[in-house]
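Chains, contacts and geometry: an overview
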Amino acid sequence: MSDELKDLYQEVVLDHGKRPRNFGELPDANRTADGYNPLCGDQIKLFVKLEGELIRDVRFTGQGCAISKASASMMTAAVKEHTRAEALALFDRVHALVTLGPTSGVELESVGKLAALSGVWEFPARVKCASLAWHTLKSALEGKAEKVSTE
Ligand code: ZN
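**Let's talk about the environment of Ile-44**
- With respect to the secondary-structure elements, Ile-44 resides in strand S2 (residues 42-51).
- The spatial distance from the C-alpha of Ile-44 to the C-alpha of Val-120 is 19 Å, given a sequence separation of 76 residues.
- Those residues in contact with Ile-44 that lie beyond four places of it in its chain are Ala-33, Asp-34, Gly-35, Phe-60, Thr-61, Gly-62, Ala-72, Leu-132, Ala-133 and Thr-136.

Laid out in C-alpha cells, this is it:
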C-alpha cells in the first residue's frame with residue numbers, strides 16, 4: 001500500500017469505524033436487506049428510503065468488526081441523495097477495488113474517500129468485511145428478499 005493510501009485508510013476507516021455515520025433504524029424505509037459475513041461474524045441490516053430512483057435516505061444497524069462498520073458507514077454517506085443507478089455503478093467500482101486492488105483499472109480519484117477501502121485488497125480475510133455492506137445495498141436496491149451472505 002502506498003503511504004498516501006495507508007494514511008487515508010487509517011484516517012477514514014478508523015474514523016468511520018469508531019463513529020459510524022447513518023447508524024440506526026429508518027422507520028419509513030421502503031427497502032431493507034440483511035447481510036451476513038460468516039467468516040468474521042459481521043451482520044448488517046440496511047434501510048433504504050427510495051423515492052422513485054433517488055436514494056433519499058439510507059441507514060444501517062448491526063454489529064461487526066471495525067472494517068465492516070466503517071465500510072457500511074462510508075457506503076451510506078456515499079450513496080445518500082444519489083440515484084439507484086449511481087449507487088450500483090459505485091458498487092461495481094468499489095467491488096473491483098477491494099477484490100482486485102491496483103489491477104482493477106479503477107481510478108482511485110473516481111471513488112473519492114472510498115479509495116481508502118481499496119487498502120483491504122492486501123488483506124484477503126478482510127475483503128468480505130469491506131464488501132458486505134455493498135452487497136447488502138445492491139440486494140436492497142434490487143428488491144431481493146433473501147439474506148445476503150458473503151459465502
Ligand atoms: Zn469483519
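**Quick word on the coordination of the zinc ion**
- Only Cys-40 (SG), Asp-42 (OD), Asp-42 (OD), Cys-65 (SG) and Cys-129 (SG) from the protein coordinate the zinc ion, and they sit 2.2 to 2.6 Å from it.
- In primary sequence terms, the donor set of the zinc ion follows C-x1-D-x22-C-x63-C. Here Cys-129 lies in helix H4 (residues 124-142) and Asp-42 lies in strand S2, a separation of 87 residues in the sequence. This pair shows no difference in class: Asp-42 is buried, exactly as Cys-129 is.

**A word on the pairing of S2**
- Here 7 bridges tie strand S1 (residues 31-37) to S2, and the two strands are oriented antiparallel to one another. For Asp-34, the partnering residue across the bridge sits in S2 and is Lys-45.
- Hairpin connection from S1 to S2: 4 residues lie between these consecutive antiparallel strands, with Gly-41 at a positive phi of about 90 degrees.
- Relative to strand S3 (residues 54-63), S2 runs antiparallel, the two sharing 9 bridges. Across the sheet, Lys-45 pairs through a bridge with Thr-61, a residue of S3.
- Hairpin connection from S2 to S3: 2 residues lie between these consecutive antiparallel strands, with Gly-52 at a positive phi of about 65 degrees.

**Re the pattern of salt bridges**
- In the structure shown here, the tally under the stated rule is 9 salt bridges.
- Note that Asp-15 is salt-bridged to Arg-21, the shortest N-O span being 2.7 Å.
- For Asp-15, a relative accessible area of 24% puts it in the partly exposed group.
- A salt bridge links Arg-84 to Glu-53; its shortest N-O distance comes to 2.8 Å.

**Remarks on the sheet that holds S3**
- Taking strand neighbours across the sheet as the criterion, the 4 strands line up as S3-S2-S1-S4 in an open arrangement whose pairing is mixed. Only two strands of the sheet have a single neighbouring strand rather than two, namely S3 and strand S4 (148-149).
- Packing against the sheet, H4 makes contact with S1, S2, S3 and S4, and its axis sits at approximately 150 degrees to S1.

**With respect to the side chain of Asp-57**
- Among the secondary structure elements, Asp-57 is positioned in strand S3.
- At 3.2 Å, the side chain of Asp-57 and the side chain of Lys-80 are in polar contact.
- Apart from residues no more than four positions distant in its own chain, Asp-57 is found in contact with Leu-26, Phe-47, Val-48, Lys-49 and Lys-80.

**Observations regarding H4**
- For H4, built from 19 residues, the straight-helix expectation of 27 Å at 1.5 Å per residue is met to within 8% by its first-to-last C-alpha distance of 27 Å.
- The sharpest bend along H4 comes to roughly 40 degrees, located at Ser-131.
- Restricting attention to buried positions, one finds in H4 the residues Val-127, Cys-129, Ala-130, Ser-131, Leu-132, Ala-133, Trp-134, Thr-136, Leu-137, Ser-139, Ala-140 and Leu-141.
- Buried residues along H4 sit in contact with S1, S2, S3, helix H2 (66-79), helix H3 (84-100) and S4.
- Gly-143 sits one or two positions beyond H4 and adopts a positive phi of about 70 degrees.

Quick notes on the rules
Along each chain, residue indices are assigned from 1 in the same order as the chain's sequence is written. A pLDDT threshold of at least 70 governs which residues receive local features in this predicted model, and a stricter bar of 80 or more applies before side-chain atom pairs are shown or counted, although totals over entire chains, interfaces and linings include all residues. Hydrogens and water are ignored here; the side-chain numbers use all heavy atoms of the structure. Each helix is a run of DSSP H or I of at least 4 residues and each strand a run of E of at least 2, with the numbering of both proceeding from the N terminus. Residues count as neighbours in contact if any of their non-hydrogen atoms are within 4.5 Å of one another. Shown as donors are all N, O and S atoms within 2.8 Å of a metal ion, widened to 3.2 Å for Na, K and Ca; because water is not in the atom set, sites may appear incomplete. To sort residues, take the accessible area from a 1.4 Å probe on protein chains only and compare it with the maximum for the residue type: under 20% means buried, over 50% means exposed, and anything in between is partly exposed. Strands are labelled as partners when DSSP assigns at least two bridges between them. A carboxyl oxygen of Asp or Glu within 4 Å of a side-chain nitrogen of Lys or Arg is what we treat as a salt bridge. Each axis is a line fitted through C-alpha atoms, and for a helix only the stretch in contact is used; angles between axes span 0 to 180 degrees, taken between their N-to-C directions. Polar contacts here mean pairs of N or O atoms no more than 3.5 Å apart (in protein, one a potential hydrogen donor and the other a potential acceptor; neighbouring residues in sequence count only if both atoms are side-chain atoms). Multiply 1.5 Å by the residue count of a helix minus one, and that product is the helix's expected span. Here the bend at a residue is taken as the angle between two axes, fitted respectively to the seven residues that end there and the seven that start there.

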